[in-house]
Amino acid sequence: MPLKVRIALDAMGGDFGPSVVIPGAAISLGRHPDVEFLLYGDAKLIEKELAAHPALRKASRVIHTDVAVAMHDKPSVALRRGRYKSSMWQAIDAVKKTEADVTVSAGNTGALMAMARFCLRTLPGIDRPAIAATWPTMRGDSVVLDLGASIGGDAQHLKALAIMGAAMASVLFDLERPTVGLLNIGVEEIKGGEEIREAAELLRAMNSQRFDFIGFVEGDGIGKGAADVIVSEGFAGNIALKAAEGTARQLAEYLRAAMSRTWRSKIGYLFARDAFKALKDKMDPNKSNGGVFLGLNGIVVKSHGGTNAEGFAYAVDVGYDMVRYDLLTKINQTLNRDAGALVATPSAQEVVS
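First things first, this report covers the structure right here in the doc. (Residues numbered from 1 in each chain as written. Predicted model: local features only at pLDDT ≥ 70, side-chain atom pairs only at ≥ 80, totals over all residues. Heavy atoms only, no water.)

## Here we look at the packing of helix H5 (residues 87-96) against helix H6 (residues 109-120)
For step 1, the next point in the chain: As a packed pair, H5 and H6 sit with axes 10 Å apart at the nearest point and diverge in direction by 35°. The chirality of how H5 crosses H6 is right-handed. Taking contact as the criterion, the partners of Met88, Trp89, Ile92, Asp93, Val95 and Lys96 in H5 are, on H6, Ala111, Leu112, Met115, Ala116, Phe118, Cys119 and Leu120.
For step 2, the next point in the chain: Tallied by class, the residues present in the contact of H5 with H6 amount to eleven nonpolar, no polar and two charged. (Axes fitted to C-alpha atoms, helices over the stretch in contact; angles between N-to-C directions. Helix = DSSP H or I, 4+ residues; strand = E, 2+ residues; numbered from the N terminus. Left-handed = near helix turned anticlockwise from the far one by under 90°. Contact = heavy atoms within 4.5 Å. Nonpolar A, V, L, I, M, F, W, Y, C, P; charged D, E, K, R; others polar.)

## Brief notes about the pattern of salt bridges
For step 1, the next point in the chain: Here the structure, examined in full by the defined rule, presents twelve salt bridges.
For step 2, the next point in the chain: Of the charged contacts, one joins aspartate 228 and arginine 139 as a salt bridge, the two residues approaching to 2.8 Å between their closest N and O atoms. Note that aspartate 228 is positioned in the loop between helix H9 (220-224) and strand E9 (229-231) and arginine 139 in the loop between strand E5 (130-137) and strand E6 (140-145), a separation of 89 residues in sequence.
For step 3, the next point in the chain: Taking the relative accessible area as the measure of exposure, aspartate 228 reaches 10% and is therefore buried.
For step 4, the next point in the chain: Ionic pairing is found between lysine 191 and glutamate 188, a salt bridge with its closest N-O pair at 3.2 Å.
For step 5, the next point in the chain: With a relative accessible area of 40%, glutamate 188 lands in the partly exposed category. (Salt bridge = Lys/Arg side-chain N within 4 Å of Asp/Glu carboxyl O. Buried < 20%, exposed > 50% of the residue type's maximum accessible area, 1.4 Å probe, protein only.)

## Quick word on the sheet that holds strand E8 (residues 212-217)
For step 1, the next point in the chain: Overall, mixed pairing links the eleven strands, which are arranged E3-E2-E1-E4-E11-E10-E5-E6-E9-E7-E8 in an open sheet. In this open sheet, the two strands that pair with only one neighbour each are strand E3 (60-64) and E8. The average angle at which neighbouring strand axes cross in this sheet is 25°, direction not considered.
For step 2, the next point in the chain: Bridge count for strand E1 (residues 5-10) against strand E2 (residues 35-41) is six bridges, and the pairing is parallel. When the sheet's bridge partners are listed, valine 5 is paired in E2 with valine 35.
For step 3, the next point in the chain: Here helix H1 (residues 18-31) sits on the sheet and contacts E1 and E2; the angle it forms with E2, its principal contact strand, is near 175°. (Pairing = 2+ DSSP bridges.)

## So, unusual backbone geometry
For step 1, the next point in the chain: That bond from leucine 145 to aspartate 146 is cis: its omega, 0°, falls within 30 degrees of zero.
For step 2, the next point in the chain: With a phi angle near 75°, tyrosine 84 is a residue other than glycine that sits in the positive phi range.
For step 3, the next point in the chain: Counting through the fold element by element, tyrosine 84 comes out in the loop between helix H4 (75-82) and H5.
For step 4, the next point in the chain: Judged by its relative accessible area of 57%, tyrosine 84 is exposed.
For step 5, the next point in the chain: Positioned with a positive phi, threonine 98 is a non-glycine residue whose angle comes to about 60°.
For step 6, the next point in the chain: For threonine 98, the position within the fold is in the loop between H5 and strand E4 (102-105).
For step 7, the next point in the chain: Exposure remark for threonine 98: the relative accessible area of 53% places this residue in the exposed category.

## Quick notes on the pairing of strand E7 (residues 179-183)
Regular strands show a simple pattern: their side chains alternate between the two faces of the sheet.
For step 1, the next point in the chain: In terms of burial, E7 is a largely internal element, five of the five residues being buried.
For step 2, the next point in the chain: Both faces of E7 are covered, namely the face carrying Thr179, Gly181 and Leu183 and the face carrying Val180 and Leu182.
For step 3, the next point in the chain: Looking at chain direction, E7 and E8 are connected through five bridges and run parallel. Considered in E8, the bridge of leucine 182 is made with phenylalanine 216.
For step 4, the next point in the chain: Assessed by its sense of winding, the connection that carries the chain from E7 through helix H8 (residues 194-206) to E8 is right-handed. (Right-handed = clockwise from strand over helix to strand, strands pointing away.)

## Quick look at the packing of H4 against H6
For step 1, the next point in the chain: For the pair H4 and H6, interaxial distance at closest approach is 8 Å and the crossing angle is 60°. Judged on the interaxial angle alone, H6 and H4 are oblique. Both H4 and H6 take part in a crossing whose hand is right-handed. Residues Pro75, Ala78, Leu79 and Gly82 of H4 form the contact with H6, whose participating residues are Gly110, Ala111, Ala114, Met115 and Phe118.
For step 2, the next point in the chain: Grouping the constituent residues of the contact of H4 with H6 by class yields seven nonpolar, two polar and no charged. (Parallel < 35°, antiparallel > 145°, perpendicular 65-115°, else oblique.)

## With respect to the packing of aromatic side chains
For step 1, the next point in the chain: Within this structure, the stated rule accounts for two aromatic pairs.
For step 2, the next point in the chain: Between the aromatic rings of tryptophan 89 and phenylalanine 118, the centroid separation amounts to 5.9 Å while the plane-to-plane angle is 55°, which identifies the pairing as tilted. Placement of the pair is tryptophan 89 in helix H5 and phenylalanine 118 in helix H6, with a sequence separation of 29 residues.
For step 3, the next point in the chain: Phenylalanine 118 gets classed as partly exposed once you look at its relative accessible area, which sits at 30%.
For step 4, the next point in the chain: Grouped by ring-pair contacts, the aromatic residues Tyr84, Trp89 and Phe118 constitute a single cluster.
For step 5, the next point in the chain: Taking NZ or CZ as reference, arginine 31 lies 4.9 Å from the ring centre of tyrosine 314, over its face.
For step 6, the next point in the chain: Against the face of phenylalanine 118 rests arginine 121, its NZ or CZ located 5.2 Å from the ring centre. (Phe/Tyr/Trp six-rings, centres within 6.5 Å; stacked < 30°, edge-to-face > 60°. Lys NZ or Arg CZ within 6 Å of the ring centre and 35° of its normal.)

Here it is as structure tokens:
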């Protein structure tokens, strides 16, 4: 393993650019002093933020770029305007050139995926990358994918997602044979569309030694932790993610309103504030920030565009862990062990965000 983990940051990505990216990197550096940063973007804006973080300044190199991908740019527009010269492209290209071990960006999801596919290419047997992230559950954490990299997909695509998700779960959770479930509208074998039923048959037939396929999982099974890995095509996966994040914020607001309604509830809050703080931390979407683009010849992590510095730091932490735990090697080992299990899948509509 490398003595240093080299992280390339798209400093202009997200809703707030360097004002969030730089403080977030500083927070992550405090947790991982063995990190070196390559900061791509407007050097003047980056240096202004770095002035408040001398330790980060010492651990960083700033690479000026004149072009930044806008959050509303379509992937085709981003590729046309930003290929080779934008902060997003150059951060990804640093991984391709082995100048960095991982790229982290809070920028436009569709543009980031398009550039990452174009620049890094996909692993053998993988036609489309997926966005995978850890999801807090009642029994710990699960890996959920695809959270919106592409829309739709046939049985072979879902099978590829299961293989990659299982590799990620084995790395993150130190599991020899993680359990894998397919997100569906019911657990019965007759439920769901043709693609998901066929995917279930393919996964059962694999009888993989790398993971244990348990069948279908309903939507409420994600939060219950019904499986170590939950697999879905990107449309449903993204809706599930946004619904869960919205519900977490809604419950937090309900609790805040209830605890401030009467003097008795305020006193009750004083006695239970440690418990409420633990609940708030568990429900905080920022602490689950950082989706990994699985299936590429390199590691790319996507942060929420509207996150704060603490949330961006968690995305950087995810990138650090993926390098330290050698995710790419693990995925390649899984794919090689299941040689012939995957075939190229047809293209699908990519998310534009």
